[in-house]
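Each chain, letter by letter, is given below.
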2 protein chains.
Amino acid sequence: MTGQTKGWIAIAGLGPGHDDLVTPEVSQVLMQATDVIGYIPYVARVAAREGLNLHPTDNRVEIDRALHALKLAATGARVVVVSSGDPGVFAMASAVFEALENHSEFAETDIRVLPGITAMLAAAAAAGAPLGHDFCAINLSDNLKPWATVEHRLRLAARADFAMAFYNPRSKSRPHQFTECLNILRQECGLDRLITFARAVSTPKQRISTVTLGEATPEMADMRTVVLVGNAATRRVGRYVYTPRSAS
Amino acid sequence: MTGQTKGWIAIAGLGPGHDDLVTPEVSQVLMQATDVIGYIPYVARVAAREGLNLHPTDNRVEIDRALHALKLAATGARVVVVSSGDPGVFAMASAVFEALENHSEFAETDIRVLPGITAMLAAAAAAGAPLGHDFCAINLSDNLKPWATVEHRLRLAARADFAMAFYNPRSKSRPHQFTECLNILRQECGLDRLITFARAVSTPKQRISTVTLGEATPEMADMRTVVLVGNAATRRVGRYVYTPRSAS
């Protein structure tokens, strides 16, 4: 018999939804886990087995969840904190490090971050290659930052001619902000700029739709949608949309 | 016996280097392929087998490679075009769509893009979570755009307080430009801003180093390095570097 295992935390990305987009690294760490922590629909993607404790929790309790992981690891548990997509992109990795910073008693915890296929790259692949040149990723939710910061970033990103990816574009509690976002983009980029709405990417409910900013309406997005905006050179070829590698 | 298979192209991302970061989707498509096309070191990662033709080619011939794929698929071949990382991020997907646009005789080709773990997200995971808030990705090579465009983007990205990821930061043929890049960042972000150099991520030669812009020197980067720059709130906690989810 070996001694008590030292606990650890792995913060793992499950990708956008389809199991074939989960990396072998993440599948292996889930086999070693004693505990899985995460938002309800993500924990539901992990297969139950003898000896594995599942801890699904509701949305917007990221710091509680992170602290729970640190406490469990301190008792010797092997904890996997699951996120959809990539855990470092608008997901649980930063929350765990915030909790670590505020609780020095857990400073020695062994923490690894295991990357995953983030939603914007799965969406871009499904549409063609709209992020094929310099681009930015913006979380449109104002839960954690003022809306004025979002507006400022949108304008500078447009002036830099970045292609753009938006996470959390629209929710029931703030339907007006995505309307504002579209207005800013029309001012800065014109009506002909291409915009792609990618919903539930890699799942049976996947729906990809590319229109111009002139045709785009706020209702085309919801919280399961990733929105991609092209740069000035982004165009269609057949059923694909792509951004050329070169730019002026 | 079935009739002749219709050819297709899958543009697949092999991830940053380690086989455990190749998605099952990509592993499966490689098993179905008759032909694999790509840059020499990426094709070298594909296991040889009976009936599989490997077509490794040198760097900077992306359009020739894309056209080769289209021609092979037109003859019924099942072609996988391999990129490292994600094929939609500074890689082969845009090149294939450019070739498609310029050769209408191949307009009916069945093309899929299969996402992969892109270098910046593997690098961020290895360092902690430096891309945990809004961020941008910039290719610092001026092979395909004027250096003035890069400078303009760097300044606007800094003023938007994006965290940043740089691909192709430095090569032997243009060592001075990364020096310029660091100078611009010091002007815009100050000397205390954190910068992470991530070399050969996920391989046995992986080396991750985080310093301040005041400490950074151009020699810390080469063509196998991805560079990550924090935003104003990025900080260290223990051996990790992370960007909090919230911003002012």
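Thresholds applied
Residues numbered from 1 in each chain as written. Chains lettered and ligands numbered in written order. Predicted model: local features only at pLDDT ≥ 70, side-chain atom pairs only at ≥ 80, totals over all residues. Heavy atoms only, no water. Contact = heavy atoms within 4.5 Å. Buried area = accessible area lost by both parts, 1.4 Å probe. Salt bridge = Lys/Arg side-chain N within 4 Å of Asp/Glu carboxyl O. Polar contact = N/O pair within 3.5 Å; in protein donor to acceptor, adjacent residues only side chain to side chain. Helix = DSSP H or I, 4+ residues; strand = E, 2+ residues; numbered from the N terminus. Phe/Tyr/Trp six-rings, centres within 6.5 Å; stacked < 30°, edge-to-face > 60°. Lys NZ or Arg CZ within 6 Å of the ring centre and 35° of its normal. Pairing = 2+ DSSP bridges. Axes fitted to C-alpha atoms, helices over the stretch in contact; angles between N-to-C directions. Buried < 20%, exposed > 50% of the residue type's maximum accessible area, 1.4 Å probe, protein only. Least-squares fit on C-alpha atoms with pLDDT ≥ 70 in both. Arc of directions from axis to C-beta. Core = buried A, V, L, I, M, F, W, Y, C linked by side-chain atoms within 4.5 Å. Parallel < 35°, antiparallel > 145°, perpendicular 65-115°, else oblique. Left-handed = near helix turned anticlockwise from the far one by under 90°. Nonpolar A, V, L, I, M, F, W, Y, C, P; charged D, E, K, R; others polar.

**Q** Which parts of the structure should I look at to understand the interface of chain B and chain A?
**A** Interface size, as often reported, equals the accessible area lost upon joining of the parts. Contact with chain B, which involves 69 residues of that partner, is made by 69 residues of chain A. Taking both sides of the interface into account, the surface hidden between chain B and chain A amounts to around 5,600 Å²; carbon and sulfur atoms contribute 60%. At the junction of chain B with chain A, the criterion picks out 10 salt bridges. The salt bridge involving R235(B) is made with E101(A); its shortest N-O contact spans 2.8 Å. Here chain B is connected to chain A by 30 residue pairs in polar contact (both at pLDDT 80 or more). When residues of the side of chain B that touches chain A are assigned to their parent elements, the largest contribution, 7 residues, is made by helix α4 (residues 92–102) of chain B.

**Q** What should I look at first to understand the packing of aromatic side chains in this one?
**A** Aromatic rings in a pair are described by how distant their centres are and how their planes are angled relative to each other. Tallied over the entire structure, the rule returns 13 aromatic pairs over all chains. Relative to Y42(A), the ring of Y39(A) lies with its centre 5.3 Å away and its plane at 80°, an arrangement referred to as edge-to-face. Judged by centre distance (6.1 Å) and plane angle (35°), the ring pair of F97(A) and Y242(B) falls under tilted. One end of the pair, F97(A), is in helix α4 (residues 92–102); the other, Y242(B), is in strand β13 (residues 240–242), on a second chain. Put simply, the rings of F90(A), Y167(A) and F135(B) touch in pairs and so form one group of aromatic residues. Note that R112(A) overlies the ring of W8(A), its terminal NZ or CZ placed 4.8 Å from the centroid.

**Q** Looking at this structure, how should I read the sheet that holds β13(B)?
**A** Within a sheet, neighbouring strands are paired by backbone hydrogen bonds and run either parallel or antiparallel to one another. Read across the open sheet, the 3 strands follow the order β6-β13-β12 (chain B); overall the sheet is mixed. Bordering the open sheet on either side are β6 (128–129) and β12 (235–237) of chain B, each of which pairs with just one other strand. Strand direction decides the pairing type here: β6(B) and β13(B), joined by 2 bridges, are parallel. Along β13(B), the bridge assignment pairs A129(B) with Y242(B). Where α4(A) meets the sheet, it contacts β6, β12 and β13 of chain B, and its direction lies at approximately 115° from that of β13(B).

**Q** Any chance you could explain the pairing of strand β4 (residues 78–83) of chain A here in plain terms?
**A** In regular strands, side chains alternate between the two faces of the sheet. All names here are of chain A. Burial analysis of β4 places 5 of its 6 residues in the buried class, the great majority of the element. Alignment of strand β2 (residues 35–39) against β4, held across 4 bridges, turns out to be parallel. Of the residues in β4, the one forming a bridge with G38 is V82.

**Q** Sorry if this is basic, but what is going on with the relation of the copies chain B and chain A here?
**A** Look at the two chain copies: a rotation about an axis and a shift along it is all it takes to match them. Overlaying chain B on chain A yields an RMSD of 0.0 Å, the required transformation being a rotation through 180° with an accompanying axial translation of 0.0 Å. With respect to symmetry, the two chain copies, as superposed, fit the operation of a two-fold axis. Residue C136(B), judged by its C-alpha, is the member of chain B lying nearest the rotation axis, at 1.9 Å. Same-surface contact between copies: 100% of interface residues of chain B are shared with the interface of chain A.

**Q** What exactly am I supposed to notice about helix α1 (residues 24–32) of chain A here?
**A** Each α-helix turn comprises 3.6 residues. Residues three or four places apart therefore point the same way. Buried residues of α1(A): V26(A), V29(A) and L30(A), and no others. Angular distribution of buried residues about the axis of α1(A) spans 105°; they occupy a single face of the element.

**Q** Got a minute to help me understand the environment of M220(A) in this structure?
**A** Residue and element names in this part refer to chain A. Note on placement: M220 falls in the loop between β10 (207–212) and β11 (225–229). Sequence-wise, M220 and A198 are 22 residues apart; in three dimensions their C-alpha atoms are separated by 9.3 Å. When neighbours within four sequence positions are excluded, M220 is seen to be in contact with F197, V211, E215 and T225.

**Q** I'm lost on the sheet that holds β2(A) in this one. Help?
**A** Residue and element names in this part refer to chain A. Spatial ordering of the open sheet is given by β3-β2-β4-β1-β5, a layout of 5 strands whose pairing is parallel. On the outer flanks of this sheet lie β3 (53–57) and β5 (111–114), each paired with one strand and no other. Across the sheet, the mean angle separating the axes of adjacent strands is 20° when strand polarity is ignored. Of the pairings in the sheet, the one linking strand β1 (residues 8–13) to β4 comprises 6 bridges and is parallel in character. When the sheet's bridge partners are listed, A12 is paired in β4 with V82.

**Q** How do you make sense of the nonpolar core when you look at a structure like this?
**A** The nonpolar side chains of a soluble globular protein tend to be buried, and buried together. Ranked by internal contacts, the top residues of the largest apolar core, which has 54 residues, are M164(A), F166(A), I195(A), M164(B), F166(B) and I195(B). In contact with F166(B), not counting residues within four places along its chain, are I138(B), L140(B), L154(B), C181(B), L185(B), T225(B), V226(B), V227(B) and V229(B). The next biggest cluster of nonpolar side chains, apart from the first, holds 38 residues, and it includes A198(A), I117(B), V201(B) and L228(B).

**Q** Hey, could you run me through the side chain of R193(B) in this one?
**A** Mapped onto the secondary structure, R193(B) falls in the loop between α7 (175–189) and β9 (194–199). A polar atom in the side chain of R193(B) sits 3.5 Å from the backbone oxygen of N231(B).

**Q** How should the packing of helix α6 (residues 147–159) of chain A against helix α7 (residues 175–189) of chain A be read in this particular structure?
**A** When two helices pack together, you describe them by how their axes are tilted relative to each other and by the distance separating the axes. All names here are of chain A. The interhelical angle for the contact between α6 and α7, taken along N-to-C directions, is 25°, at an axis separation of 10 Å. Judged by the angle between their axes, α6 and α7 are roughly parallel. As α6 packs across α7, the resulting crossing turns out to be right-handed. Contact residues: α6 offers W147, E151, L154, R155, A158 and R159, while α7 offers Q177, E180, C181, I184, Q187, E188 and C189. Looking at side-chain class alone, the contact of α6 with α7 contains 6 nonpolar, 2 polar and 5 charged residues.

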